[in-house]
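Here is what each chain is made of, one letter per residue.
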Amino acid sequence: MKDKVLIIIPAYNEEKNIEKVLKEIKKDINYADILVINDCSTDNTREIVERNNVKCITNIFNMRYAMAIQTGLKYARDNKYDYVIQMDADGQHIAKEAEKLYHEIKKSKVDIVIGSRYVKEMGYPCPFFRRIGTKMFELLVRLFCHQKIADPLSGFQCLNKKVIEKYSKIGEYPEYPDANLVIEMLLQGYKIKEVPVKMRLRENGTSMHSGIIKPIKYMIEQLYTCIVIFLKNFGKRRVK
Amino acid sequence: MNNLYFIFLSIIIILYILHSVRKEHLSIKTSFVWILMSVVMLLLSIFPYSINWIAQIIGVEYAPALFLTFCVVFLLILDFNFSNKISKLQEKVTDLAQEVSVLREKNNKDK
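Outline the side chain of E104 of chain A, supporting the account with residue identities and numerical values.
Mapped onto the secondary structure, E104 of chain A falls in helix α4 (residues 95-108). In contact with E104 of chain A, not counting residues within four places along its chain, are K109, V113, K193 and V195 of chain A.

Written as structure tokens, this is what we have:
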């Protein structure tokens, strides 16, 4: 039986990027359904998505990136999808590379496949401070879980049914579901694998981590959450 | 010797906060500020004269007054933060309730 695959794209004010992203996905992964979670955008994101005949859920207020993702996961669970691929609406994630994640999750029978910029040098022009941050969380994951995840901050992921079920049930889905969620899943016995992928830099608009205060706040929050999640799961029985 | 009681109390508070997070009674995000304050309390218990030192730098004559001022300011900020959050939540609940009412009406019409 053919697998049901859903591509989830959370979008907030992405009118300049979303059309290109949708066209690329339709061309390169034509067997997958697409779902855009419009996080109460104030621009024409919703109109553009609907014009492209893509399913669009519009939140009634801005719930931010993570909650938009979880809305999509709940949709996937209710509609019995076998796999979910999370992609960004800014054009950073390449549709052809998403296919690699899907093939890998089927081949390796793992629970999560992460599209990684750093597992192999893929020519991603990463800013210096971001690279340092990623390295720090890579070390943290290795310290807590004894597994090397070169890019734990990557949101480009493919999830299987078990993970879709698990994520949609989390009451306190983290505001930034990055290294903290990777640590939690590894500690609970889920299997995660990385696949080297190419990524682009966003062409238009600003990232949710732009500026000076936001990245600092992100780093503190992420670091604290990782430590607390480790302590929270310490000594707990594994799922599998 | 008295410090030992406060050190012990601070550790108990930190453990209790972590226990609450573990049992999912307290969210990780909310726990941050409480853990931060418990760590400050622990540090002040280990180095009790640090408050005198800070008071000297700021120019406060009676160090315990500075400590109490810090506590009051912290609680006021926390209170303001919670009021802010409650206002936003109230707004969102209203939005949700209105949306549900509209959808219910639409659903009844479709039937």
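Got a sec to walk through the packing of helix α8 (residues 213-233) of chain A against helix α2 (residues 28-46) of chain B? Specific residues and values, please.
The angle between the axes and the distance between the axes are what describe a pair of packed helices. Interaxial distance between α8 of chain A and α2 of chain B falls to 10 Å at its minimum, and their mutual angle equals 95°. One element, α8 of chain A, and the other, α2 of chain B, form an angle in the roughly perpendicular class. Across the interface between the two elements, I220, E221, Y224, T225, V228 and I229 of chain A from α8 of chain A touch I28, K29, S31, F32 and I35 of chain B from α2 of chain B. Residues of the contact of α8 of chain A with α2 of chain B, tallied by class, amount to seven nonpolar, two polar and two charged.

Hey, could you go over the nonpolar core for me, with residue numbers and the actual values?
Across soluble globular proteins, nonpolar side chains show a tendency to be buried alongside one another. Residues and elements named next belong to chain A. Formed by 49 residues in total, the largest nonpolar core has its most connected members in L73 and Y167. Filtering out sequence-adjacent residues up to four positions away, L73 remains in contact with I8, V84, L159, I164, Y167, S168 and Y173. With 32 residues, the next largest nonpolar core counts V5, V54, V113 and M199 among its residues.

Let's hear about the domain arrangement of chain B: which residues, and what values?
As far as domains go, chain B holds domain 1 (1-48) and domain 2 (64-111). For domain 1 of chain B and domain 2 of chain B, the distance between their C-alpha centroids amounts to 26 Å.

Report on the pairing of strand β5 (residues 112-116) of chain A, specifying residues and quantitative values.
Residue and element names in this part refer to chain A. Counting buried positions along β5 yields five of five residues, so the element is predominantly enclosed. Alternating positions in β5 separate into two faces, I112, I114 and S116 on one and V113 and G115 on the other, with burial throughout. Examined bridge by bridge, β5 and strand β6 (residues 157-160) share three bridges and lie antiparallel to one another. When the sheet's bridge partners are listed, V113 is paired in β6 with C158. Relative to strand β7 (residues 192-196), β5 runs parallel, the two being bridged by five bridges. Looking across to β7, one finds that G115 is bridged to V195.

Could you give an account of the packing of helix α3 (residues 64-78) of chain A against helix α6 (residues 161-169) of chain A, naming the residues involved and the relevant values?
Residues and elements named next belong to chain A. Running from N to C, α3 and α6 cross one another at 130°; their axes reach a closest spacing of 9 Å. Comparing the axis directions of α3 and α6 gives the class oblique. Taken as a pair, α3 and α6 cross one another with a handedness that is left-handed. Contacts between α3 and α6 involve Q70, L73, K74, A76 and R77 from the former and I164, E165, Y167 and S168 from the latter. A breakdown of the residues in the contact of α3 with α6 according to their chemical character gives four nonpolar, two polar and three charged.

Report on the packing of aromatic side chains, specifying residues and quantitative values.
Residue and element names in this part refer to chain A. Summed over the entire model, instances satisfying the criterion amount to eight aromatic pairs over all chains. By the ring-pair criterion, three or more aromatic residues cluster together here, those being Y31, Y83 and Y102. Across from the ring centre of Y81, 4.6 Å away, lies the NZ or CZ of K4, which sits over that ring. The ring of Y118 has R131 sitting right over it, with the charged end atom 4.0 Å from the ring centre.

A description of the sheet that holds β5 of chain A should follow, citing residues and the corresponding values.
Residue and element names in this part refer to chain A. The strand order across the open sheet built from seven strands is β3-β2-β1-β4-β6-β5-β7, with neighbouring strands paired in mixed fashion. In this open sheet, the two edge strands, each paired with only one partner strand, are β3 (55-58) and β7. On average, adjacent strands in this sheet sit at an angle of 20° to one another, irrespective of strand direction. The pairing of strand β4 (residues 83-86) with β6 spans four bridges and is classified as antiparallel. Bridging from a neighbouring strand, Q86 pairs with Q157 of β6. Contacts between α4 and the sheet are confined to β1 (5-11), β4, β5, β6 and β7, with β7 contributing the most and set at about 140° to the helix.

Residue-level account of the interface of chain B and chain A, with values.
Taken together, the contact pairs 14 residues of chain B with 16 residues of chain A. Carbon and sulfur atoms make up 67% of the area that chain B and chain A hide from each other, which totals about 1400 Å². Residue K29 of chain B is joined to E175 of chain A by a salt bridge in which the shortest nitrogen-to-oxygen separation is 2.6 Å. Summed over the shared surface of chain B and chain A, the result is seven residue pairs in polar contact (both at pLDDT 80 or more). For the side of chain B that touches chain A, the secondary-structure elements that each account for two or more residues are α1 (2-22), α2 and α4 (63-110) of chain B. Looking at the side of chain B that touches chain A element by element, the count peaks at five residues for α2 of chain B.

Criteria and cut-off values
- Residues numbered from 1 in each chain as written.
- Chains lettered and ligands numbered in written order.
- Predicted model: local features only at pLDDT ≥ 70, side-chain atom pairs only at ≥ 80, totals over all residues.
- Heavy atoms only, no water.
- Helix = DSSP H or I, 4+ residues; strand = E, 2+ residues; numbered from the N terminus.
- Contact = heavy atoms within 4.5 Å.
- Axes fitted to C-alpha atoms, helices over the stretch in contact; angles between N-to-C directions.
- Parallel < 35°, antiparallel > 145°, perpendicular 65-115°, else oblique.
- Nonpolar A, V, L, I, M, F, W, Y, C, P; charged D, E, K, R; others polar.
- Core = buried A, V, L, I, M, F, W, Y, C linked by side-chain atoms within 4.5 Å.
- Buried < 20%, exposed > 50% of the residue type's maximum accessible area, 1.4 Å probe, protein only.
- Domains from an automatic or database assignment.
- Pairing = 2+ DSSP bridges.
- Left-handed = near helix turned anticlockwise from the far one by under 90°.
- Phe/Tyr/Trp six-rings, centres within 6.5 Å; stacked < 30°, edge-to-face > 60°.
- Lys NZ or Arg CZ within 6 Å of the ring centre and 35° of its normal.
- Buried area = accessible area lost by both parts, 1.4 Å probe.
- Salt bridge = Lys/Arg side-chain N within 4 Å of Asp/Glu carboxyl O.
- Polar contact = N/O pair within 3.5 Å; in protein donor to acceptor, adjacent residues only side chain to side chain.

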